[in-house]
Amino acid sequence: MSAAPFPNTARVDAFDKVRGAARYGADRSPPGMLHAALATATIGKGRIESIDTSAARAVPGVRLVLTHEDLASEIKPAGYLMAGGYASNGLQPMIAPEIAWRGQPIAIVVADTLPAAIEAAALVRASFAVEPIAVELSAEGTQTVVQSESQLPKPMYEDIVAGDADKAFAEAAVQVDAVFTTPAQHQNPIELVGTVAEWKDGTLIIHEGTQNAEAMRHGLARQLGLTPEQVQIVSPYCGGGFGQKNSLQIYTPLAAVAARRVDRPVKLVVPRAAVFHNSSFRPASRHRFRLGADKSGKLIAAIHETDSQSSRHDLFPTLYAETTGHMYAIDNFRGRERLVRTDTQAPGYMRAPFEHVAAFTMESCIDEMAYALGKDPVALRLANDAYADPISKKPFSSRHLAECLTRGAAMFGWDKRQMAPGSMRAPDGTQIGWGVAAGSYKAATAPAIARLTLTDQGRAIINVGVHEMGQGIRTALSNVVAAKLGIAPELVEAEIGVTGASPQHLTAGSWGTATAVPAASEAADAMLKALAELGQSDAAGRKPAELLKAAGRPSLSVEIRRKAPGHPDQIFGRLASGLPSAMGPAYPEYVSFSYIAHFVEVRIEPGTRRIRVPRVVSVVDCGRVVSPRTATSQVQGGVVWGIGAALREASEVDPRFGGFLNADIAEYVVPVNADIGSIEVGFIDKPDPRLNEVGVKGLGEVVMVGVAPAIANAIFHATGKRLRDLPIRIEHVLDKGDL
Amino acid sequence: MEDQQPRPPAHRFGGELTRREVVAAAGAVPLAAMLPTAAAAQSHLAGRTGHNEATVTVRTVINGTPRHLELDPRASLLDVLREQLALTGAKKGCDHGQCGACTVHIDGRRVVSCLTPAVQTDGAEVTTIEGIAPDDQLHPMQQAFIDHDALQCGYCTPGQIMAAIACVQEGHATSREQIREYMSGNICRCGAYVGIVAAIEDAAPKMRRA
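None of these values were measured; they are calculated from a predicted model. (Residues numbered from 1 in each chain as written. Chains lettered and ligands numbered in written order. Predicted model: local features only at pLDDT ≥ 70, side-chain atom pairs only at ≥ 80, totals over all residues.)

Draft legend 1. Region of interest: the interface of chain A and chain B. Each side of the interface is counted separately: chain A has 62 residues, and chain B has 64 residues. At the level of secondary structure, the elements contributing two or more residues to the side of chain A that touches chain B comprise α1 (14-18), α4 (114-121), β21 (492-495) and α17 (628-647) of chain A. Ranked by the residues each element gives to the side of chain A that touches chain B, the list is headed by α17 of chain A, at seven residues. Of the residues contributing to the side of chain A that touches chain B, the split by class is 34 nonpolar, 14 polar and 14 charged. (Contact = placed C-beta atoms within 7 Å. Helix = DSSP H or I, 4+ residues; strand = E, 2+ residues; numbered from the N terminus. Nonpolar A, V, L, I, M, F, W, Y, C, P; charged D, E, K, R; others polar.)

Spelled out as structure tokens, the structure:
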């Protein structure tokens, strides 16, 4: 039975966060700690011929300088996260002279103070043998791999096919055929990647914000020849992840080895420019999307072909068609994905990694199709709603996209919209456009072990595998456990993000809530059962703490393990070894997605042609909402991300020398407060009991999906211009066209 | 000295600094506590800089407490607050004055502490997030940030709140548009801007009354 709607409680860790009292990784300063800084490669690719650290060593306060010449036998590669390993790159820098990308670390300096370390790192001199590079999708020298023909695991990375899309498209009465490009982007959480590495009696303790403490632990053990029990990761708070912190970073083993060498704790806070070049990023991509409909407006064919940037050393697999193939009732679909190897660090996941991009292509084409058919874009989507998964023919576990669209349309006032582009204009000449787009994101589930402890003082401690990156999971856990036990949410404490007890599986892919919350809920059920077994005769109506006291028990603990439908039992072994173990969207008996509809108003100023987004309405189907207040914030945040992706963010590459040119957050432009207007949020809040007993799907990623095409569609409505390259900037709307 | 340190969160797992960490990290001590620990403090500083003669003596007031600091002239105020004084509320997000996560007040004016040489605070009063409300009480702006959920990951939050308080005190919180403009030096990557604007609108009249 699904839980009742949850109350609008405050974020449980907000009290600490507003006082600056929440401790993030680099806030730690153990006694005797020293500071580290990195020197990085100044070429795009090649080999270190010689390296001179004498000037660096001469800086007062410098204790240690390490290069590849010191570390070849001391650090082993941790393996790539998407190839059975643990790290954001399979290639570990500084264990060989080869340079695979610009900005790769070539030395780590440890000094008494941070200024000394920074000064010394700048004095490391290297000479390189330089090799030619290819860093852009279209550059000469890249290598293209057809994903379905590669060594990547099948069926996960097969082409997605239903019916005969090419034939159906060729015969379609109305056709849309368009090419889209999206740029490389960087996640840029405000917390820099930072590590405090400390050795205690042969045990390595790492304080670092992460979404994946278990992978860090096992990866470091593999790299440094330790047992996993000899590594502890402490990450109670992560200052934003967005995919960047989903694996072991290449810097962490460097700090660990440095700390071991100097026999003191070492803090390494990586400057943002270095993070741009050594942590992951959203790959640049190019898409051809074809959409066919009959004259009545029934969509009959879609073909989605993609090229997505990868690295030379690791293949970052893509799932763009997983979004577009399952979205509408289109019987004939073909998705084919290619990977283009370039000379960069491995790209990786960034919020709604494929879904945001895929939705931009498909939802732009749907809008174009609506205009080609002369149909309202909301009505066209409703007319092509799917009642079963068009690829597998299985049912959806739940799907309320139509209600998202109709409720959002009502909240926005969509019925006042006139279809014709350029039909709305402010008295000062500002062009106004209203756009809509939908989004989906897989509802995945990872296995979890949950331990719940109750004390006779009334506190409940839930230990489960999940990380708090701001999504509000502590609050969701508190709400669920509190509701079950009949205690106040503030009495529930979540022990998460720290290794040693429950495995701290990767928190990503919007599976955190649907993984940890049902597990916590089951643990609470087990606790209620255990309390009943204490044998107190008048148990009904008494608080759990009273029952414990009456039974003379200071505390009581229970543990449950939970896996997704269709997970084999061996999945717990995988979970324990720190490997990604999530399942979905396809389950044995159904297919699961969360859904959203975004309605956007854009205003294009007459003189500057500045594109503004004063108003957004977003309505979400994420199953049951377990923490209404933090969920609302997540939707608003996802919309801000969509605005950034649509209008601002691009990591500019240098085709001559490699690397990213705008490697700081003044030049990599993210939305600021003045860019954001009203964001109104609605929740369907219907539980999905087939997926889990709490009825939760996922929220953190779907919230961004569809914002960019809603904006692009609104710009079309304002200007008559169909813009298919992100980000859309002033220069793309300078020409006012015929309107 | 005891009273000058931020009170560790009482109950968050892994969230508290140990007493040992706080003492070890404090490379400088308040004047009142200077005498008994002077020798220890001096040797500690020498160890940290490697060349003691290059330090600069600075007298400043931090969160109401007079401080006598021996500073590396290269050190930013942010790094001194975080690494020497264990005041880790101010955060490093860019070290370039681009994100605002390190915002503190100097003589009541908001500054990015990462671009402020620490030696520049000689004779000045510095206020950090740890110093805006006594003990476990909350400043009206802090309460408003909780009430409007004006945060997610919390990393930029201390800087947002310091900027928000200054924004109100400057008289730049008279409309939503003005708040948005004057709060645009503080990036919230989680995108909590709707809540931040609402929180400032809520707290501004309460601050004026207080």
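Draft legend 2. Highlighting the sheet that holds strand β5 (residues 105-111) of chain A. Residues and elements named next belong to chain A. Sheet architecture is open: seven strands sit in the order β3-β5-β1-β13-β10-β11-β12, paired in mixed fashion. Each of the sheet's edge strands pairs with one partner strand only, and the pair in question is β3 (62-67) and β12 (231-234). Adjacent strand axes in the sheet meet at a mean angle of 20°, parallel and antiparallel pairs treated alike. Taken together, the four bridges between strand β11 (residues 203-207) and β12 define a ladder with parallel strand orientation. Each residue of the ladder has a partner; that of isoleucine 206, found in β12, is isoleucine 233. In this fold helix α6 (residues 213-224) packs onto β11 and β12, with an angle of close to 150° to the strand it touches most, β12. Lying on the sheet, helix α7 (residues 252-262) is in contact with β1 (34-40), β3, β5, β10 (194-200), β11 and β13 (266-269); it crosses β10 at an angle near 40°. (Pairing = 2+ DSSP bridges. Axes fitted to C-alpha atoms, helices over the stretch in contact; angles between N-to-C directions.)

Draft legend 3. Spatial organisation of unusual backbone geometry. Backbone torsion omega between lysine 154 of chain A and proline 155 of chain A reads 10°, so that peptide bond is classified as cis. Mapped onto the fold, proline 155 of chain A is located in the loop between β7 (143-146) and β8 (160-162). Between glycine 584 of chain A and the following residue, proline 585 of chain A, the backbone shows a cis peptide bond with an omega angle of 10°. By secondary structure assignment, the location of proline 585 of chain A is in the loop between α16 (571-576) and β23 (593-604). The phi angle at lysine 393 of chain A is positive, at roughly 65°, despite the residue not being glycine. Checked against the element boundaries, lysine 393 of chain A lands in the loop between α11 (377-383) and α12 (401-412). The phi torsion at aspartate 95 of chain B lies on the positive side, around 65°, for a residue other than glycine. Note that aspartate 95 of chain B resides in the loop between α3 (77-84) and β3 (103-106).

Draft legend 4. Main features of the domain arrangement of chain B. All names here are of chain B. Segmenting chain B into domains produces domain 1 (2-131) and domain 2 (140-209). Counting residues per element, the side of domain 1 that touches domain 2 draws most heavily on β3, at three residues. Broken down by class, the residue content of the side of domain 1 that touches domain 2 amounts to six nonpolar, six polar and three charged. (Domains from an automatic or database assignment.)

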